[in-house]
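Inside the fold
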Amino acid sequence: MRKTFAEKSRNKTFLGMLALVSATSILFNGCDRKNDNKESDKLIPKEHPVVKIVPKIDDEETAPNKRVIYLTFDDGPNQGTENLLRILNKRNVCATAFLVGKHAYGSKRQKDDLELLRKDPLIELANHSFTHAHNKYTDFYKNGDAVVRDFDIAKDSLKLYDKIARTPGRNIWRLKNINETDLKSSTEAANKLKMAGYKVIGWDLEWKPSNKMALKGNHEAMLKKVDSIFFNDLEKTSRHLVFLTHDQYLTDADSINELDMFIEKLQKTNRFVFRKISDYPKINEILN
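In this report, we go over the structure that sits alongside the text. (Residues numbered from 1 in each chain as written. Predicted model: local features only at pLDDT ≥ 70, side-chain atom pairs only at ≥ 80, totals over all residues. Heavy atoms only, no water.)

**Thoughts on the overall build of the chain**
A count of helical and extended segments in the chain gives seven helices and 10 strands. Residues classed as buried in the chain amount to 53% of the 288 residues present. (Helix = DSSP H or I, 4+ residues; strand = E, 2+ residues; numbered from the N terminus. Buried < 20%, exposed > 50% of the residue type's maximum accessible area, 1.4 Å probe, protein only.)

Here it is in structure tokens:
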């Protein structure tokens with residue numbers, strides 16, 4: 001007997017066996033809602049459509065054949081932030097923006113983009129440090145107390161009081177039930193962030209840039225990576241995938257279109273829900 005999707009059938013890959021699902025049969029849960037836009041619609045409207053705040057959905061309300069994707073975008077507000085918001089509003093999916101404090105005050109446009117992020121109900125804001133380690137990561141993580149101060153400055157200046165954070169230049173996890181560090185030299189600083197009450201979130205899949213600072217590869221390749229992670233149980237929490245890319249990679253037409261198609265194809269499989277990172281399992285439990 002062939003296994004069900006929830007048992008990860010080896011007869012067909014996760015996305016492949018869903019490729020013929022009709023767009024008209026889409027039923028979304030989580031932050032995304034049905035969208036009737038045609039492919040001929042323009043990707044970047046002049047104004048964002050009005051959207052409603054979507055209530056949190058508990059794990060037990062998600063069907064066993066569903067997988068949860070957390071779209072996260074680092075280093076904003078930055079070039080590409082407005083394009084990101086237009087994509088999310090076109091597809092009506094939520095995401096989390098990990099902000100860099102100094103970027104929020106870098107220019108008038110960045111200040112304006114911060115206000116756009118604050119006002120958009122599809123977006124939640126989280127902490128990605130104030131200085132982004134001055135892009136000198138090895139030196140930055142040598143001083144754990146200074147790292148905590150840097151995140152505190154970002155927290156206070158950006159009013160990010162839930163203390164959800166992502167470390168610049170490092171894929172670090174510090175939750176109640178997940179403790180992982182990509183480079184051992186950053187361990188002490190990561191532990192001090194946790195002791196200070198920060199819930200540190202890394203990622204399961206990153207869409208990296210080309211040497212031209214555009215999205216590298218295409219959406220089809222990224223869909224295969226999503227498929228592989230879920231099929232092989234490589235996500236940190238089963239059935240939950242944290243996806244990362246950066247605002248500044250969304251400045252050219254090809255990158256904008258590729259991200260848009262990536263989200264659209266995920267939606268059309270009818271096997272995913274999209275959530276903000278504050279809904280990640282156990283993220284709100286008190287840290288040890």
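Still more ground to cover, so stick around.
**Let's talk about the packing of aromatic side chains**
Per the counting criterion, the structure on display carries seven aromatic pairs. Between Trp173 and Tyr280 the ring centres are 5.8 Å apart and the planes differ by 45°, which places this aromatic pair in the tilted class. On the criterion of sequence distance, the pair formed by Trp173 in strand E5 (residues 172–174) and Tyr280 in the segment after strand E10 (272–274) is long-range, its members being 107 residues apart. Tyr280 shares its class with Trp173; the two are buried. An aromatic cluster of three or more residues is present, and its members are Tyr70, Trp173 and Tyr280. If you follow Arg166 out to its NZ or CZ, it ends over the ring of Phe98, 4.2 Å from the centre. (Phe/Tyr/Trp six-rings, centres within 6.5 Å; stacked < 30°, edge-to-face > 60°. Lys NZ or Arg CZ within 6 Å of the ring centre and 35° of its normal.)

**With respect to the environment of Asn65**
Within the element layout of this structure, Asn65 appears in the segment before strand E1 (67–76). Considering only alpha carbons, one finds Asn65 and Phe272, 207 residues apart in sequence, at a separation of 8.7 Å.

**What to know about the nonpolar core**
One finds Ile69, Leu71, Val226, Phe243, Leu259, Phe262 and Ile263 to be the most contacted residues of the largest nonpolar core, which totals 39 residues. Contacts of Val226, omitting those with residues within four sequence positions, involve Ile69, Leu205, Leu241, Phe262, Leu266 and Phe272. Listed in part, the 16 residues of the second largest apolar core include Phe98, Ile201, Tyr280 and Ile283. (Core = buried A, V, L, I, M, F, W, Y, C linked by side-chain atoms within 4.5 Å. Contact = heavy atoms within 4.5 Å.)

**Quick notes on the side chain of Thr81**
Tracing the chain through its elements places Thr81 in helix H1 (residues 81–91). Overall, Thr81 belongs to the buried group, its relative accessible area being 1%. Separated by 2.9 Å, the side chain of Thr81 and the backbone nitrogen of Asn78 make a polar contact. The residues touching Thr81, leaving out its near neighbours within four places in the chain, are Gly76, Asp113, Leu117 and Asp247. (Polar contact = N/O pair within 3.5 Å; in protein donor to acceptor, adjacent residues only side chain to side chain.)

**Things to note about the pairing of strand E3 (residues 123–127)**
Buried residues dominate E3, accounting for five of its five residues. Of the two faces of E3, the one carrying Ile123, Leu125 and Asn127 and the one carrying Glu124 and Ala126 are both buried. Examined bridge by bridge, strand E2 (residues 95–99) and E3 share five bridges and lie parallel to one another. Bridge assignment links Ala95 to a residue of E3, and that residue is Ile123. (Pairing = 2+ DSSP bridges.)

**Here's the deal with the side chain of Thr245**
Looking at the secondary structure, you find Thr245 in strand E9 (residues 240–246). With a relative accessible area of 0%, Thr245 lands in the buried category. Once you skip the residues sitting within four places of it in the chain, Thr245 turns out to touch Thr72, Phe73, Asp74, Trp207 and Leu215.

**A closer look at helix H2 (residues 108–119)**
With 12 residues, H2 ought to run about 16 Å at 1.5 Å a step, and its terminal C-alpha atoms sit 17 Å apart, in line with that. Looking only at H2, the buried set comprises Gln110, Asp113, Leu114 and Leu117. The buried residues of H2 occupy one face: seen down the axis, they fall within an arc of 105°. Of the residues in H2, the exposed ones pointing more than 90 degrees away from the buried face are Lys108 and Lys119. For H2, the elements touching its buried residues are H1, E2, E3 and helix H4 (144–158). (Expected span 1.5 Å × (residues − 1). Arc of directions from axis to C-beta.)

**Details of the packing of H1 against helix H7 (residues 253–268)**
Interhelical geometry of H1 versus H7 gives an angle of 25° and a closest axis separation of 10 Å. Comparing the axis directions of H1 and H7 gives the class roughly parallel. Handedness of the crossing formed by H1 with H7: right-handed. Across the interface between the two elements, Asn83, Leu84, Ile87, Leu88, Lys90 and Arg91 of H1 pack against Ile256, Leu259, Asp260, Ile263, Glu264 and Gln267 of H7. Class assignment for the residues of the contact of H1 with H7 results in six nonpolar, two polar and four charged. (Axes fitted to C-alpha atoms, helices over the stretch in contact; angles between N-to-C directions. Parallel < 35°, antiparallel > 145°, perpendicular 65-115°, else oblique. Left-handed = near helix turned anticlockwise from the far one by under 90°. Nonpolar A, V, L, I, M, F, W, Y, C, P; charged D, E, K, R; others polar.)

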